[in-house]
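What the coordinates show
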Amino acid sequence: MNQYTPPKVWTWNKPNGGAFASINRPVAGPTHEKELPVGKHPLQLYSLATPNGQKVTIMLEELLARGHKGAEYDAWLIRINDGDQFGSGFVEVNPNSKIPALMDRSEPKPVRVFESGSILTYLAEKFGEFLPTDRAARAETFSWLFWQMGSAPYLGGGFGHFYAYAPEKIEYAIDRFAMETKRQMDVLDRRLAESEYLAGPDYTIADMAVWPWYGGLAKGRNYNDAAQFLSVHEYKHVQRWADAIDARPAVKRGRMVNRISGDPAYQLHERHDASDFETNTQDKLQAAE
């Protein structure tokens, strides 16, 4: 491998390679004019079924399962590899150009909410669910929620990128982030050895935030063969927790929304009604063509 000597001043003068080279750039703001669609429901979600996107669709499906009709939503597909997140309409909702992004049109003046942890908190407070009111339990929930916000970049942008997406395998980078990912899995495993869910005995937004990332890794869904590489079967308490959340019907539905890969029977590119899970998955749409 050629030794790289950084210049005195970095300039962006060539693509950096890797899976996301076509959308990486060092500036913010829109690249093109494109209005966002608006459906019939009060909540308009613009997303993709990445781990961050799954957090919010799982939350919305859990709210609907608890009878909150006001949580009905339209989920519009944002294809990040095509640069949809840089359209002018999306940037108005999220100036950071990352999914997911939410518009709540049930308020007198529409409210935009961006960043997945912020959306989970907003919905939990709006509907009074999955966030304890007891001060200590609430603090524990927020501690694990923000643990995920701070930790997952080491898993995704660190380990996941260099292990699965980078244009070349760099031993130092993979070792560095594999070590940190295993440390984080051990943090979770020790917590879940003493608690049914992350914040205590009840399922909360902390679990919804952490599960798509670390539960997905535990169940072998993330980053090719990373589960074997990281020996995730060793984290028995994480496995127990991941399986329990996996089994929740709302979680199964939430994972399908805005999904564009895998089994077509579990891909629901857009969700505008509860019946879409039965009628508009990709296997059914392909069969009708």
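Whatever comes next refers back to the structure up there.
Just so we're clear, the structure is a prediction, and the values are computed from it rather than from any experiment.

What counts, and where the lines are drawn
Residues numbered from 1 in each chain as written. Predicted model: local features only at pLDDT ≥ 70, side-chain atom pairs only at ≥ 80, totals over all residues. Heavy atoms only, no water. Helix = DSSP H or I, 4+ residues; strand = E, 2+ residues; numbered from the N terminus. Rg over C-alpha atoms; globule rule 2.2 N^0.38 Å. Buried < 20%, exposed > 50% of the residue type's maximum accessible area, 1.4 Å probe, protein only. Contact = heavy atoms within 4.5 Å. Areas by Shrake-Rupley, 256 points an atom, 1.4 Å probe, with all protein chains shown as cover. Pairing = 2+ DSSP bridges. Right-handed = clockwise from strand over helix to strand, strands pointing away. Axes fitted to C-alpha atoms, helices over the stretch in contact; angles between N-to-C directions. Parallel < 35°, antiparallel > 145°, perpendicular 65-115°, else oblique. Nonpolar A, V, L, I, M, F, W, Y, C, P; charged D, E, K, R; others polar. Left-handed = near helix turned anticlockwise from the far one by under 90°. Core = buried A, V, L, I, M, F, W, Y, C linked by side-chain atoms within 4.5 Å.

Of the regular secondary structure elements, the protein holds 11 helices and four strands. The C-alpha atoms of the protein give a radius of gyration of 20 Å, which matches the 19 Å a tight globule of 289 residues would have. The principal-axis extents of the C-alpha atoms in the protein amount to approximately 60 × 50 × 45 Å. Counting only residues that meet the buried cut, the protein has 48% of its 289 residues in that class. Taking as baseline every contact in the protein between residues at least 6 positions apart, the subset at least 24 positions apart corresponds to 65%. Element-wise, carbon and sulfur atoms account for 53% of the exposed surface of the protein, whose accessible area totals about 14800 Å².

Attention shifts here to the pairing of strand 1 (residues 43–47). The side chains of a regular strand alternate between the sheet's two faces. For strand 1, the tally of buried residues reaches five of five residues, placing the bulk of the element in the interior. Covered by surrounding structure in strand 1 are Leu43, Leu45 and Ser47 together with Gln44 and Tyr46, the residues of both alternating faces. Pairing of strand 1 with strand 2 (residues 73–77), which is carried by five bridges, proceeds in the parallel orientation. Bridge assignment links Gln44 to a residue of strand 2, and that residue is Asp74. As for the winding sense of the linkage, the β-α-β connection from strand 1 through helix 1 (residues 51–65) to strand 2 is right-handed. The pairing of strand 1 with strand 3 (residues 101–104) spans four bridges and is classified as antiparallel. Bridge assignment links Leu43 to a residue of strand 3, and that residue is Asp104.

As a packed pair, helix 5 (residues 171–194) and helix 6 (residues 205–218) sit with axes 12 Å apart at the nearest point and diverge in direction by 105 degrees. Classified by the interaxial angle, the pair formed by helix 5 and helix 6 is roughly perpendicular. On helix 6, the residues that touch Thr181, Gln184, Met185 and Leu188 of helix 5 are Val210, Tyr214, Leu217 and Ala218. For the contact of helix 5 with helix 6, the class distribution of residues is six nonpolar, two polar and no charged.

Looking at the secondary structure, you find Gln54 in helix 1. Judged by its relative accessible area of 7%, Gln54 falls in the buried class. Separated by 119 residues in sequence, Gln54 and Ala173 place their C-alpha atoms 27 Å apart. Aside from chain neighbours lying at most four places away, what touches Gln54 is Leu48, Ala49, Trp211, Pro212, Arg255 and Arg259.

Attention now moves to the environment of Thr50. Examined against the element boundaries, Thr50 turns out to sit in the loop between strand 1 and helix 1. C-alpha separation for the pair Thr50 and Val111, spaced 61 residues apart in sequence, amounts to 23 Å.

Where helix 6 contacts helix 8 (residues 236–246), the two axes come as close as 10 Å, and the packing angle between them is 115 degrees. When the axes of helix 6 and helix 8 are compared, the pair comes out roughly perpendicular. Crossing geometry of helix 6 relative to helix 8 is assigned as left-handed. Two secondary-structure elements touch here, helix 6 through Asp207, Val210, Trp211, Tyr214, Gly215 and Ala218 and helix 8 through Val238, Gln239, Trp241, Ala242, Ile245 and Asp246.

Our next topic: the sheet that holds strand 2. Backbone hydrogen bonds are what pair the strands of a sheet, in a parallel or an antiparallel way. As summarised here, the arrangement of the four strands in space is 2-1-3-4, forming an open sheet in which the pairing is mixed. In this open sheet, the two strands that pair with only one neighbour each are strand 2 and strand 4 (111–114). Averaged over all adjacent pairs, the angle separating strand axes in this sheet is 20 degrees, with direction ignored. On the sheet, helix 1 packs against strand 1 and strand 2 and is oriented at approximately 150 degrees with respect to strand 1. Here helix 3 (residues 116–127) sits on the sheet and contacts strand 1, strand 3 and strand 4; the angle it forms with strand 4, its principal contact strand, is near 130 degrees.

Attention now goes to the nonpolar core. Most often, soluble globular proteins have nonpolar side chains that are buried together. Counting 63 residues, the largest nonpolar core has Met59, Leu123, Phe159, Ile205, Tyr214 and Trp241 as the members making the most contacts within it. When residues of this core are assigned to their parent elements, the largest contribution, 10 residues, is made by helix 6. Setting aside anything within four residues of it in sequence, one finds Trp241 in contact with Leu192, Glu196, Tyr197, Leu198, Asp207, Val210, Trp211 and Gly215. Grouped together as the second largest cluster of nonpolar side chains are 11 residues, Ile80, Val93, Ile99 and Ala101 included.

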